[in-house]
Amino acid sequence: MVALTINGEHVKVPGGTSIMDAAKEVHINIPHLCYLEGLEPYGACRVCVVEVEGERRLIPSCIREVSEGMKVHTHSARVRHARRMLIELLLANHPEDCFTCERNQKCELLKLAYEICVGDVRFEGEKPSFELDETSPSIIRDPNKCVLCGRCIRVCHDVQTVRVIGFANRGPETKVVTLLENGLGNVECTNCGQCIHVCPVGAIKERSCVDEVWTALEDPKKHVVVQEAPAIRAALGEELGLPVGTLVAGKMHAALKRLGFDVVFDTNFAADLTIMEEGNELVGRITGKIKKPLPQFTSCSPGWIKFMEHFYPELMENVSTCKSPQQMFGPLSKTYYAEKTGIDPEKVVSVSVMPCTAKKFEAQRAEMTDSGYQDVDYVLTTRELARMIKEAGIDFLTLPDEPAEPLMGMYTGAATIFGATGGVMEAALRTAYKLVTGRELESLDIKPVRGMDGVKTATVDVDGLEVKVAVAHGLGNARKLLNETKAGKSPYHFIEIMACPGGCVGGGGQPYGFDMAARAIRGEVLYKEDKELTLRRSHENPSIKKVYDDFLGKPLGKKSHKLLHTKYTKREMT
Amino acid sequence: MERILLKDVDIPNLCEIDVYIDSGGYKALEKALKMTPKEVIEEVKRSRLVGRGGAAFPTGLKWEFTRKEKDEPKFLVCNADEGEPGTFKDRVLMKNNPHLLVEAMVIGGYAIGANKGVIYIRGEYFEEIGRLNKAIKEAREKGYIGEGILGSGFSYELQVYRGAGAYVCGEESALFESLEGGRGCARERPPFPAQYGFMGKPTAINNVETLCNVPAIINNGGEWYSRIGSPASPGTKFFCLSGHVNKPGVYELPTGITLRELIEEYGGGVKGEFKASLPGGVSSSLVTDTDVKLDYKSVADAGSMLGSGAVIVINSSTSIVDVAKSCIEFFVRESCGQCVPCREGTRRANEILGRFAGGKGKVEDIDLLLELGEVMYDTARCGLGQAAMNATISAIKMFKDEFMGRVES
Ligand SMILES: Cc1cc2nc3c(=O)[nH]c(=O)nc-3n(C[C@H](O)[C@H](O)[C@H](O)COP(=O)(O)O)c2cc1C
Ligand code: SF4
Ligand code: SF4
Ligand code: SF4
């Protein structure tokens, strides 16, 4: 242990602790901008500087480790003065469009400026005029707002290991670029949107389709249907004044109806459907009926799929051919639902609400037109839906709980846990067990695949067959399992991969922040809902039985293959 | 005047190894290899040689720190980036006497326990790169580089690496980043190069001129060296005299000669009337006293720094505002762009100074510049940002009326 004093208070912390972390022990939060918990410290904004007795200059507290006998002053006049000026410098050439900025009320730079009492910006800085990067269907980057904190680069490199953005140039020309400035849409970007979460300002945002959805809702000739992913119900409340960990499934359905959607379904229905297809596929691969390699990888995370197509195309055959729940729902809304109701599918506008920026990309993939139309027309993120609810003046907190339309809205506990890392695996095992043994899996909670460990593994006894499974969330974690598989050394039968840390509850479209604790809580909310639901196995869902009886036939059948399964494309490396 | 490093430069074909050996070259290496590495370091410590690259850190101590580190392998890196405006001294050495640097690099490697040395050289120094490569090849052929040098147990490889052309890459930690193939951006310290340098390994990094003193120290003893020039920082120093002098150029002179002596006796006097000088180039503060002794301590006592010895002379017909403006312009361009105080501070200062230069200054901006300078010194990550405002601050403090004269009325 290292003993030091901070603002005169004695404190002992383990060696290697940063001054910033040590200060927390004496109830001091040191302001910072480029530092973010969960990422390597970078030490470039200098906002976290402190005074250390005996040092000639101020010391960045995020990156400097404590040493024995150190005397630290975190808020001396010299420190406060320097901090103010640093923020003043950042504000001097920052575009002044805070009113209309995506980050209005959620901007870390503005918050800092307020908290450290920047009273005046005395510099008249020349405003930058960089071109926006609008090449991606999911994400827009505005280098003019960028404060060059490097967080996006660190998350993309160190956490996601995608490494498509980096700093270029020096001095005033310094900026975050993609390779050859080709733009995010033309490089290996997975559209995971983790960079959005870590950006302290409005320099990275999703490509919004709020206006397009409003237009469709207001068009009397259109019939607008909506589906919401499992993870929305665990996070939407946070955007609307409720604490983290509030389940808002009923209010969410109620709000969507009031926004004017003609029918409110639920992606959870499609998640149950995914399990039927994917569970059967797994059993087929294990029994040898399907001549495809093991382990089988899940396919419901479009960020992971694009990552695979770029970085691991040799594993393409291992990936389940099942579309993601969003993309299973899409074609059904324009075929099954249209047929049932006699609505011209041409008039159906299929909207989804997703925790995910990659889903915007996925909806636009050329092959996602099996209904004869674009299967999913618009993808809203959790944040976009929250803004629509606010814009419509809906008092979310007082809304009653309302159910989704059962035809494509009824769901089981297995579907709802899709939103948390390990959930797809757990759901699939519940059904696969039944498929293999003809009996129901008694103990439904498969705890080893839950929680926030980067890679989780379990072995499930299926009538004497040891089914080995693994789960990874975050693409950096996924690489471990992928490399093992590539080397032919994977002991697993089934592997779940989610592009985002925490799974979909931490998707790029969720409430801002890179807070793993919050993501864990959202996941727990979904496990709680699962526990409370009477039906917890996908094959028990009456609406699923109905869709097979009335329309699809059987899992992996001809119609399923046409509407619910897909192919992948090897993508070039730039 | 006594010259140590340029002692033999007038010998024709000194770049060739035989000529270098005939004039006493590689004797120091032979001697050093018969000493223990610790003895070599002690000798250098006794000489009280300090770094000539800017920071004036005691060379012997730097070597000792690196030697003491447990981690392996260790590296010796020579900083030959020489990107500071008005500095061209290392070039003179490498061009005229490349073997001197090669010999010093082998001795240094032996002293710190490194089996590999790298010379990071400014990209535009084409001729010098060629000469160094040739010298290394010759030295290898003669057994001064390679396995078991001169029958000792010491093996050493030496390589020249061409820099990518940014001034900040001369900053030691940015230099390592650049050597490793990254962007030339300074690292946070600690850890210092002695613990975490090139490839994250213990590294001693020295300037060309610093290293070139070592053979003479080994040959003649540290004691001998310590009696040359100014006692506080002994030896000779290369002064790159430029600006308003009649005979600009590189002069190797004992430390401690006065600015006046340098200008009058070597530089042929001031062109026009003397106003001020930047004794350590654009990163240093102005001095107006020509009696200041040119050694590290005395110049620091006078409120400036000797740096790498780029002495810029400014005459009385030059506007100090313009001097400050051109200094800061350089830093705007050369900031690595990493930390806020330097990236943003330099360009804001440049905008303000631009207004003064155009006669549109604001009174309140004078204090703002001083304040900015303090914060940049206090918070910038590396020497570039810390020193970028030195010229401006000293200009305001010494010639405030010139700034007032440029205030918009
Ligand atoms: C911005 C900046 C540029 C520098 N450029 C050089 C350079 O070109 N050559 C050099 O030897 N030292 C340069 N230095 C100093 C080095 O960081 C380092 O102190 C020096 O190489 C150590 O060698 P020495 O102890 O022999 O002086 C620079 C420092 C800074 C802050
Ligand atoms: S969306 Fe994901 S992959 Fe793309 S740049 Fe951002 S972090 Fe990297
Ligand atoms: S885009 Fe955002 S996260 Fe990335 S460097 Fe700029 S401000 Fe930081
Ligand atoms: S002070 Fe300037 S050059 Fe040095 S690290 Fe900061 S931005 Fe880069």
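Residues numbered from 1 in each chain as written. Chains lettered and ligands numbered in written order. Predicted model: local features only at pLDDT ≥ 70, side-chain atom pairs only at ≥ 80, totals over all residues. Heavy atoms only, no water.

Chemist: Would you take a moment to explain the overall build of chain B for this structure?
Modeler: For chain B, the helix and strand inventory stands at 19 helices and 8 strands. Against the compact-globule benchmark of 22 Å for 409 residues, chain B has a radius of gyration of 21 Å, which places it among compact chains. Burial analysis of chain B (409 residues in total) assigns 63% to the buried set. If you take every contact in chain B between residues at least 6 apart in sequence, the share linking residues at least 24 apart comes to 70%. (Helix = DSSP H or I, 4+ residues; strand = E, 2+ residues; numbered from the N terminus. Rg over C-alpha atoms; globule rule 2.2 N^0.38 Å. Buried < 20%, exposed > 50% of the residue type's maximum accessible area, 1.4 Å probe, protein only. Contact = heavy atoms within 4.5 Å.)

Chemist: In this structure, what is going on with the pairing of strand E1 (residues 75–80) of chain B? I would like to understand it.
Modeler: Two faces belong to every sheet, and in a regular strand the side chains alternate between them. Residues and elements named next belong to chain B. Among the 6 residues in E1, 6 count as buried, and that is most of the element. Residues Phe75, Val77 and Asn79 point to one face of E1 and Leu76, Cys78 and Ala80 to the other, with burial holding for every one of them. Pairing geometry for E1 and strand E4 (residues 203–207), over 5 bridges, is parallel. Along E4, the bridge assignment pairs Phe75 with Thr203. (Pairing = 2+ DSSP bridges.)

Chemist: What should I look at first to understand the sheet that holds strand E16 (residues 465–473) of chain A in this one?
Modeler: The strands that make up a sheet are held in pairs by hydrogen bonds between backbone atoms, and each pair lies either parallel or antiparallel. Residues and elements named next belong to chain A. Across the sheet, which stays open at both edges, the 4 strands sit in the order E12-E17-E16-E15 with mixed pairing between neighbours. Either end of the sheet is taken by a strand with one partner, and the two such strands are strand E12 (296–297) and strand E15 (455–462). Alignment of E12 against strand E17 (residues 494–498), held across 2 bridges, turns out to be parallel. Bridging across to E17, Phe297 finds its partner in Ile495. Packing of helix H16 (residues 423–437) onto the sheet brings it into contact with E15, E16 and E17, and relative to E17 it is tilted by some 155°. (Axes fitted to C-alpha atoms, helices over the stretch in contact; angles between N-to-C directions.)

Chemist: I keep staring at the sheet that holds strand E4 (residues 59–60) of chain A and nothing clicks. Help me out?
Modeler: Residue and element names in this part refer to chain A. Here we have 5 strands laid out as an open sheet, ordered E2-E1-E5-E3-E4, and mixed in their pairing. In this open sheet, the two edge strands, each paired with only one partner strand, are strand E2 (9–13) and E4. Sheet topology note: the strand E1 (residues 2–6)/E2 ladder contains 5 bridges and is antiparallel. Counted as the bridge partner of Thr5 is His10 from E2. Strand contacts of helix H2 (residues 77–92): strand E3 (49–52) and strand E5 (71–73), with the helix running at about 155° to E3, the strand carrying the most contacts.

Chemist: Honestly, the site of ligand 4 in this entry has me stumped. Any pointers?
Modeler: In the vicinity of ligand 4, 13 residues are found, and the nearest of them are Cys336, Cys339, Cys342, Cys382 and Gly385 of chain B. When grouped by side-chain class, the residues that make up the shell around ligand 4 number 8 nonpolar, 4 polar and 1 charged. (Near = heavy atom within 4 Å. Nonpolar A, V, L, I, M, F, W, Y, C, P; charged D, E, K, R; others polar.)

Chemist: Got a minute to help me understand unusual backbone geometry in this structure?
Modeler: Most of the time, phi is negative for any residue but glycine, and the peptide bond is trans. Following Glu72 of chain B, the chain continues into Pro73 of chain B via a peptide bond in cis, with omega recorded as -10°. Mapped onto the elements, Pro73 of chain B comes out in the loop between helix H4 (59–68) and E1. Although it is not a glycine, Asn169 of chain A sits at a positive phi angle of roughly 65°. Here Asn169 of chain A is to be found in the loop between strand E7 (165–168) and strand E8 (175–178). Take Asn169 of chain A: its relative accessible area is 41%, and that puts it in the partly exposed class. At Leu556 of chain A, a residue that is not glycine, the phi angle is positive and equals roughly 65°. Mapped onto the secondary structure, Leu556 of chain A falls in the loop between helix H19 (542–552) and helix H20 (558–564). Judged by its relative accessible area of 24%, Leu556 of chain A is partly exposed.

Chemist: Would you mind going over the domain arrangement of chain A with me for this structure?
Modeler: By a widespread convention, an interface's size corresponds to the accessible area lost as its parts come together. Residue and element names in this part refer to chain A. What the domain assignment reports for chain A is domain 1 (2–89), domain 2 (139–207) and domain 3 (211–564). Here domain 1 and domain 2 have C-alpha centroids that lie 27 Å from each other. Listed by partner, the interface residues are 8 residues for domain 1 and 12 residues for domain 2. Here domain 1 meets domain 2 over a buried area of about 770 Å², counting both sides, of which 63% is carbon and sulfur. At the boundary of domain 1 with domain 2, the tally comes to 4 residue pairs in polar contact (both at pLDDT 80 or more). (Domains from an automatic or database assignment. Buried area = accessible area lost by both parts, 1.4 Å probe. Polar contact = N/O pair within 3.5 Å; in protein donor to acceptor, adjacent residues only side chain to side chain.)

Chemist: Is there a simple way to think about the site of ligand 2 in this case?
Modeler: Lining the immediate environment of ligand 2, one finds Ile139, Cys156, Val162, Val164, Ile165, Leu184, Cys189, Thr190, Asn191, Cys192, Gly193 and Cys195 of chain A. Of the residues contributing to the shell around ligand 2, the split by class is 9 nonpolar, 3 polar and no charged.

Chemist: Which parts of the structure should I look at to understand H19 of chain A?
Modeler: Since the α-helix turns once every 3.6 residues, residues separated by three or four places project in the same direction. Residue and element names in this part refer to chain A. When H19 is considered as a whole, its buried residues turn out to be Ser543, Ile544, Val547, Tyr548, Phe551 and Leu552. Down the axis, H19 shows its buried residues gathered within 140° of arc, on one side only. Packing partners of the buried residues in H19 comprise helix H9 (267–287), helix H11 (325–334), helix H12 (336–341) and H20. Sitting at the head of H19, Asn541 places a side-chain oxygen 2.9 Å from the backbone nitrogen of Ser543. Looking one or two residues beyond H19, the residue adopting positive phi is Gly553, at roughly 90°. (Arc of directions from axis to C-beta.)

Chemist: Any chance you could explain the packing of aromatic side chains here in plain terms?
Modeler: Each aromatic ring pair is summarised here by two numbers: the centre-to-centre distance and the angle between the ring planes. For the structure on display, the rule yields 20 aromatic pairs over all chains. Aromatic side chains Phe265 of chain A and Tyr337 of chain A sit 5.1 Å apart centroid to centroid with 85° between the ring planes, which places their arrangement in the edge-to-face category. Placement of Phe265 of chain A in the loop between strand E11 (263–264) and H9 and of Tyr337 of chain A in helix H12 is noted, with a sequence separation of 72 residues between them. Each member of the pair, Phe265 of chain A as well as Tyr337 of chain A, carries the same accessibility label: buried. Here Tyr110 of chain B and Phe154 of chain B contribute two aromatic rings whose centre-to-centre distance is 5.2 Å and whose plane-to-plane angle is 70°, an arrangement assigned as edge-to-face. With Tyr110 of chain B in helix H6 (residues 98–112) and Phe154 of chain B in the loop between helix H7 (126–141) and strand E3 (157–162), the pair connects residues that are 44 residues apart, well separated along the chain. (Phe/Tyr/Trp six-rings, centres within 6.5 Å; stacked < 30°, edge-to-face > 60°.)

Chemist: Sorry if this is basic, but what is going on with the pattern of salt bridges here?
Modeler: Opposite charge on two side chains allows them to pair when their charged atoms are near. On inspection of all chains with the given rule, the structure shows 80 salt bridges over all chains. For Glu344 of chain B, the salt bridge is made with Arg347 of chain B, and the minimal N-O distance between the two is 3.0 Å. A residue pair is termed a helical-turn pair when its members lie 3 or 4 positions apart in one helix, as Glu344 of chain B and Arg347 of chain B do in helix H15 (residues 340–357) at 3 residues. This pair shows no difference in class: Glu344 of chain B is buried, exactly as Arg347 of chain B is. Shared partners join several salt bridges into a network, and the residues in it are Glu426, Arg430, Asp445, Arg450, Asp530, Lys531 and Arg536 of chain A. (Salt bridge = Lys/Arg side-chain N within 4 Å of Asp/Glu carboxyl O.)

Chemist: Looking at this model, I keep getting lost on the packing of helix H2 (residues 27–34) of chain B against H6 of chain B. Mind explaining?
Modeler: Residues and elements named next belong to chain B. Put simply, H2 and H6 touch, their axes get as near as 9 Å, and they point 10° apart. It follows that H2 is roughly parallel to H6 by the angle criterion. In this structure, H2 contributes Lys27, Ala28, Leu29, Ala32 and Leu33 to the contact, and H6 contributes Glu103, Val106, Ile107 and Tyr110. (Parallel < 35°, antiparallel > 145°, perpendicular 65-115°, else oblique.)

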